[in-house]
Amino acid sequence: LAVLNVLGILLVGLVLASTATAQNLVRLTPPESPAVGVSSIVALDLEIEFTDSTSGGGVEVSYDAGRLDFISFTFSADPGAPDFALAGPMDGDPNQPLEIGAGWNVPVSGVSRIGTFLFRVRAGGSATVSTAASPMIPGPWFDSQTPFGELVVSFGSASITGIPAVPSLGMPGLMVCSALL
């Protein structure tokens, strides 16, 4: 009976601890883009959804360079968007990961759009664009409250599916097909 009481207390403690843990998320939206043809341009928004208030931080973004070409990243001008950009990739930069950093003059929480990526689909199939913690400049996400500690953040990804182009038969192919009919 004493063992069951101890297990019950531990279970209640774990449940309370898990509900007290704030969820801070860096994500790409939409998480799954509709299938598009090769050479199409796809936009992905980089957003935060934080329960804790933050003053800013950074994220690394990696993508399947065999299926996607990075075109550009534009910081948002929306209300609630970052007040300043800490870093951002150059348009067409082929180097990975792309480092993005943003900061706010006042603490922010909730959902905030940081900016928009544009990618060109270069090959058919599914490609993943993923986000991860930034181990260098601009660095981790920080709490806006004293002691301004590093926040625990989860990172999301998105998938883009390219539809391969159907090869054209051309005039000789059409002539052969006509002759077979």
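Before reading further, recall that the structure is shown in the block above.
Note that the coordinates shown come from a computational prediction; the quantities given were computed from them, not determined experimentally.

For the protein chain, the count of helices and strands is 2 helices and 10 strands. Residue pairs at least 24 apart in sequence account for 77% of intrachain contacts in the protein chain once pairs closer than 6 positions are excluded. Carbon and sulfur atoms make up 64% of the accessible area of the protein chain, which totals about 10,300 Å².

Before going further, it helps to spend a moment on the side chain of Thr54. By the secondary structure assignment, Thr54 is in strand E3 (residues 41-63). At a separation of 2.7 Å, a polar atom in the side chain of Thr54 contacts the main-chain carbonyl oxygen of Phe142. Ignoring any residue separated from it by four or fewer positions in sequence, one finds Thr54 in contact with Ile48, Val106, Pro107, Val108, Trp141, Phe142, Ser144 and Leu151.

The linkage connecting Thr29 with the following residue, Pro30, adopts the cis geometry, with an omega of -5°. Take Pro30: it is sitting in the loop between strand E1 (24-29) and strand E2 (36-37). Here the residue pair Thr146 and Pro147 is connected by a cis peptide bond, since its omega of 15° sits within 30 degrees of zero. In this structure, Pro147 sits in the loop between strand E8 (142-143) and strand E9 (154-155). Its identity as a non-glycine residue notwithstanding, Ser39 has a phi of 80°, on the positive side. Here Ser39 is to be found in the loop between E2 and E3. Positioned with a positive phi, Phe148 is a non-glycine residue whose angle comes to about 60°. Structurally, Phe148 can be placed in the loop between E8 and E9. Given the relative accessible area of 49%, Phe148 is considered partly exposed.

Before going further, it helps to examine the environment of Thr54. Since its relative accessible area comes to 0%, Thr54 is described here as buried. Each C-alpha atom, one on Thr54 and one on Leu151, is 8.2 Å from the other, the two residues being 97 residues apart in sequence. A distance of 3.0 Å separates a polar side-chain atom of Thr54 from the backbone nitrogen of Gly56.

So, on to the environment of Gly57. Tracing the chain through its elements places Gly57 in strand E3. When its relative accessible area of 4% is taken as the criterion, Gly57 is described as buried. Once the C-alpha coordinates of Gly57 and Ala85 are considered, the two residues, 28 residues apart in sequence, prove to be 9.9 Å apart.

Time to look at the pattern of salt bridges. Applying the stated rule across the entire model yields 6 salt bridges. With a shortest N-O distance of 2.4 Å, Arg27 and Glu49 are connected by a salt bridge. With Arg27 in strand E1 and Glu49 in strand E3, the pair connects residues that are 22 residues apart, well separated along the chain. Ionic pairing is found between Asp64 and Arg67, a salt bridge with its closest N-O pair at 3.7 Å. Relative accessible area serves as the criterion here: at 29%, Arg67 is assigned to the partly exposed category.

Now for the packing of aromatic side chains. For the structure on display, the rule yields 8 aromatic pairs. Measuring from centroid to centroid gives 5.3 Å for Phe50 and Trp141, while their planes differ by 65°, and the two rings are edge-to-face. In this pair, Phe50 sits in strand E3 while Trp141 sits in the loop between strand E7 (125-133) and E8, placing the two residues 91 residues apart along the sequence. The pair Phe50 / Trp141 is uniform in exposure class, with both members buried. Relative to Phe117, the ring of Phe73 has its centre 4.6 Å away and its plane inclined at 50°; by these criteria the two rings are tilted. In this pair, Phe73 is assigned in strand E4 (residues 68-75) and Phe117 in strand E6 (residues 98-121), connecting sequence segments 44 residues apart. The rings of Tyr63, Phe70, Phe73, Phe75, Phe117 and Phe119 are connected pair by pair, giving a single aromatic cluster.

Criteria and cut-off values
- Residues numbered from 1 in each chain as written.
- Predicted model: local features only at pLDDT ≥ 70, side-chain atom pairs only at ≥ 80, totals over all residues.
- Heavy atoms only, no water.
- Helix = DSSP H or I, 4+ residues; strand = E, 2+ residues; numbered from the N terminus.
- Contact = heavy atoms within 4.5 Å.
- Areas by Shrake-Rupley, 256 points an atom, 1.4 Å probe, with all protein chains shown as cover.
- Polar contact = N/O pair within 3.5 Å; in protein donor to acceptor, adjacent residues only side chain to side chain.
- Buried < 20%, exposed > 50% of the residue type's maximum accessible area, 1.4 Å probe, protein only.
- Salt bridge = Lys/Arg side-chain N within 4 Å of Asp/Glu carboxyl O.
- Phe/Tyr/Trp six-rings, centres within 6.5 Å; stacked < 30°, edge-to-face > 60°.

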